[in-house]
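Fold and contact review
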Amino acid sequence: MPMKIGTGEFKERVDKGIHNSFMRGAVAGAQERLRTRRLEAAEELGNWEEWRALGEEIRKHTLENLDYYLWQLSENVAKRGGHVFFAQTAEEANEYIRDVVVKKNAKKIVKSKSMVTEEINLNPVLEAAGCEVIETDLGEYILQIDDHDPPSHIVAPALHKNKEQIRDVFKAKLNYKKTENPEELALHARHTLRQAYLTADVGITGCNFAIAESGSITLVTNEGNADLVTALPKTQITVMGMERIVPTFEEMEVLVSLLTRSAVGQKLTSYITVLTGPRDQGDVDGPEEFHLVIVDNGRSNILGTEFQSVLQCIRCAACVNVCPVYRHIGGHSYGSIYSGPIGAVLSPLLGGYDDYKELPYASTLCAACTEACPVKIPLHELLHKHRQVIVEREGKAPISEKLAMKAFGLGAASSALYKLGSKLAPSAMNPFTVNNRISNGPGPLKAWTEIREFPAPGKERFRDWFHNRQKGDHQS
Amino acid sequence: MTTGTIHHRDKFLQTIAKKLGRNQRTTGVTRPHWKHQPQWSVFKGFSQDDLIEAFKSQCSRIHTDVVETTADQLAAALKQVVAGYGGGPVVTWDDPRFVEYGLSPLLQEEWPSEKIDVHVWNAAIGQKNIEFAEKANVGITFSDITLAESGTVVLFSSSGKGRTVSFLPQTYVAIVPKSTFVPRMTQAAVFIHERIEKGEPIPSCINFITGPSNSADIEMNLVVGVHGPIKATYIIVKDR
């Protein structure tokens, strides 16, 4: 699956999301639970703000010295017998991985959850090379067998599906005969996937944090699927976005603590696995061969710009879980595997404004995302910056905003015109006003009033009110 | 060990340095002294007994049973836990602590006489270990470091300490000596970091395991036991 998902214009996707009442219920429920758990986990620590400050400091320092830490990482991976491939583009990464797989004559590949392999659209490349590719994260697995339904949440990819829908997919694709009980569904997946681990030739993983000082990679899961993906196949390939790195074990520990608390409200997930190189001499399990693929794919263009701080992201989705816009439109509306506030900042940077110019507007700038971020990315400020860039440098503002700004610019440029406009507003809006509310507004108000009301302009202008108040004859 | 290969590094890192507005760095960077260090205040001043209490309370939240015992009662306690899980087959690490803690008679005589299959990890027979672990009902390891805050056992792999002993069997039992307790992941990370600084190799796999495997991918309902063990028990040895 490439970074870009779904078809249709932004507005059509949003329309579909807003009218999908199951999805909206599921998203609202999940947001509540995840948000509550995160707040409880943060509260328990007592000094969450200090943790966030530490997280931010670590991420900033690492990004400012990214070339140094990637150098150190690659040296240490090679020292332990692993191979490192630096891929400037998605194509270079895919080509290298395909070559390794073909050389190994691999037929079956198991994967643990990895956003970056979705971003570079790896699976179709491997399938075209004649391999069967099996996603083993339960959520990813459900989506894969449902004819590659796109993920709608960074941490819980199948969030938009209910258990009855999942049961029906299992019945259609896996000859499943039991009920929609999640335990029974999970047990069925366990049996099917166990066989896959045992017979796969290659295991592919993402990487939560690489550790420069030792050449290690850290994988964070609850299911334990990453452990079996890396313990059983003879060849392991790990793909990482180039910014997913920390200097030492000490910083890895801090960021893992921030990640698990922010993502799911757990002190640690069930499995945190740190792997260094291929198996040691004499080991029975673990891969004989290890490849680390470090992917740029547009990230370096963010370095040194006003958007650099977005690379601090540790993919916890805390911002997604508090976003009021995501709550209503769901993940698929974003048209990117990266959804929610982080997706609205990152997708235009990695995928370009042509495809993603609407996303920075899918925000109320309420700053809940910024407040939730464990590494203090100023997400709402970056969304605002995107809007500035879109208007000032790209000239790509949505057409209604262009018209409104033009009209406002014209009206506000001359104080006489502004005065006249604000004086006329109540009578101009009179035909649309019922009980002081506008529910069927004209022009730019139309999109708003299609789904909600707009207060009618006050009978008394602010300027007049203020003027009278200063004169001291105003009672309210 | 043969050194691995590195491809396309120079141009890649030069691009990064250029975007950062400076020359490429391969030396001369030191970690700053972090201004905030809240990780050290968790369970500060706790005794080993305090840590065990905190650990037990956390285990009730991670679907993991806890049994407390002493070294001389360990074999009996372990026997009871395994019986509670429905018996064998049992797979264990090849770890000298099984002998030191007096478990040899249980593994070598008692269980086999009760027709409970026991397999001790044996690097010499390679792939057969995995076949056995896959069929096993119970996997048993010791904990190398134990984290009180999160209810976590830390396992260091080696040729005798196979990675899959804690993953492939239906259920998992960790034996947790009191001396292995530390407040949280911070202390374990420092221990490993210091080994690296001294130039000592670290294990190819370090596992931080916190209870049985689980997933909330279906409607955010927690399902315990997905790919790894379905149930887990920690046996704390209070006098070692």
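Residues numbered from 1 in each chain as written. Chains lettered and ligands numbered in written order. Predicted model: local features only at pLDDT ≥ 70, side-chain atom pairs only at ≥ 80, totals over all residues.

Going by the annotation in an unreviewed UniProt entry, the name recorded for chain B is Lactate utilization protein C, with Paranoxybacillus vitaminiphilus given as the source organism. If you open the UniProt record of chain B and go to Function (unreviewed entry), you find "Is involved in L-lactate degradation and allows cells to grow with lactate as the sole carbon source." Per UniProt, chain B carries the Sequence similarities (unreviewed entry) text "Belongs to the LutC/YkgG family." (UniProt positions renumbered as here; feature names shortened; annotations may be inferred.)

Under the annotation held in an unreviewed UniProt entry, chain A carries the name Lactate utilization protein B and is attributed to Paranoxybacillus vitaminiphilus. Quoted verbatim from the Sequence similarities (unreviewed entry) field of UniProt, the annotation for chain A is "Belongs to the LutB/YkgF family." Chain A has a UniProt comment under Function (unreviewed entry) that states "Is involved in L-lactate degradation and allows cells to grow with lactate as the sole carbon source. Has probably a role as an electron transporter during oxidation of L-lactate."

Quick look at the overall build of chain A
When its secondary structure is counted, chain A shows 22 helices and 13 strands. For 476 residues, the compact-globule estimate of 2.2 N^0.38 gives 23 Å, and the C-alpha radius of gyration of chain A, at 26 Å, lies within 12% of that figure. Per-residue burial for chain A yields a buried fraction of 53% across its 476 residues. Of all intrachain contacts in chain A linking residues separated by at least 6 positions in sequence, the fraction that spans at least 24 positions is 73%. (Helix = DSSP H or I, 4+ residues; strand = E, 2+ residues; numbered from the N terminus. Rg over C-alpha atoms; globule rule 2.2 N^0.38 Å. Buried ≥ 20, exposed ≤ 12 C-beta atoms within 10 Å, placed from the backbone. Contact = placed C-beta atoms within 7 Å.)

Here we look at the nonpolar core
In terms of nonpolar packing, the biggest core is built from 207 residues, with Ile109(A), Leu255(A), Val293(A), Ile294(A), Val295(A), Cys319(A) and Ile235(B) touching the most fellow members. Tallying contributions element by element places helix α12 (residues 249-264) of chain A first for this core, with nine residues. Once you skip the residues sitting within four places of it in the chain, Ile294(A) turns out to touch Leu70(A), Val84(A), Phe86(A), Ala87(A), Met240(A) and Met242(A). (Core = buried A, V, L, I, M, F, W, Y, C linked by C-beta atoms within 7 Å.)

What to know about the sheet that holds strand β1 (residues 83-87) of chain A
Strand-to-strand pairing in sheets goes through backbone hydrogen bonds, with the strands running parallel or antiparallel. Within the open sheet, the seven strands sit side by side as β3(A)-β2(A)-β4(A)-β7(A)-β10(A)-β1(A)-β1(B). Their pairing is parallel. Sheet topology places β3 (132-135) of chain A together with β1 (6-7) of chain B at the edges, where each strand pairs with a single neighbour. Pairing between strand β4 (residues 202-205) of chain A and strand β7 (residues 235-241) of chain A: four bridges, direction parallel. When the bridges of β7(A) are listed, Gly203(A) appears paired with Gln236(A). (Pairing = 2+ DSSP bridges.)

Considerations on the interface of chain A and chain B
At the interface, 86 residues of chain A touch 74 residues of chain B. Ranked by the residues each element gives to the side of chain A that touches chain B, the list is headed by helix α4 (residues 66-79) of chain A, at nine residues. Of the residues belonging to the side of chain A that touches chain B, the class tally is 39 nonpolar, 27 polar and 20 charged. Bridge count for β1(A) against β1(B) is two bridges, and the pairing is parallel. Its bridge partner lying in β1(B), Phe85(A) is registered against His7(B). (Nonpolar A, V, L, I, M, F, W, Y, C, P; charged D, E, K, R; others polar.)

A look at the pairing of strand β2 (residues 108-111) of chain A
Summarising the sheet, β2(A) and β3(A) pair through four bridges and their orientation is parallel. What sits directly across from Lys108(A), in β3(A), is Glu132(A).

So, the sheet that holds strand β8 (residues 245-246) of chain A
Taken in spatial order, the eight strands line up as β8(A)-β5(A)-β6(A)-β9(A)-β10(B)-β7(B)-β6(B)-β9(B) in an open sheet, and their pairing is mixed. Two strands bound the open sheet, and with one partner strand each, they are β8 of chain A together with β9 (181-182) of chain B. Bridge analysis of strand β6 (residues 145-147) of chain B against β9(B) gives two bridges, and the strand direction is parallel. Opposite Leu147(B), over in β9(B), you have Val182(B) as the bridge partner.

Regarding the pairing of strand β5 (residues 138-142) of chain B
All names here are of chain B. Among the five residues that make up β5, five are buried, leaving the element largely enclosed by the rest of the structure. Of the two faces of β5, the one lined by Val 138, Ile 140 and Phe 142 and the one lined by Gly 139 and Thr 141 are each fully buried. Sheet topology places strand β3 (residues 90-92) next to β5; three bridges connect them, and they run parallel. Bridging from a neighbouring strand, Val 91 pairs with Gly 139 of β5. In the sheet, β5 pairs with strand β8 (residues 171-177) via five bridges, with the strands oriented parallel. Within the sheet, the bridge partner assigned to Ile 140 lies in β8 and is Val 173.

Focus on the environment of Lys446(A)
Residue and element names in this part refer to chain A. Mapped onto the fold, Lys 446 is located in helix α21 (residues 446-451). Accessibility expressed as a C-beta count within 10 Å gives 11 for Lys 446, which makes it exposed. Sequence spacing of Lys 446 and Glu 56 is 390 residues, and the spatial spacing of their C-alpha atoms is 42 Å.

Structural notes on helix α1 (residues 10-18) of chain A
Given 3.6 residues per turn, any residue in an α-helix points the same way as the ones three and four places further on. Residues and elements named next belong to chain A. For α1, every residue scored as buried is listed here: Phe 10, Arg 13, Val 14 and Gly 17. For α1, the buried positions fall inside an angular range of 100° around the axis, keeping them on one side. In α1, the exposed positions angled more than 90 degrees off the buried face are occupied by Lys 11 and Glu 12. (Arc of directions from axis to C-beta.)

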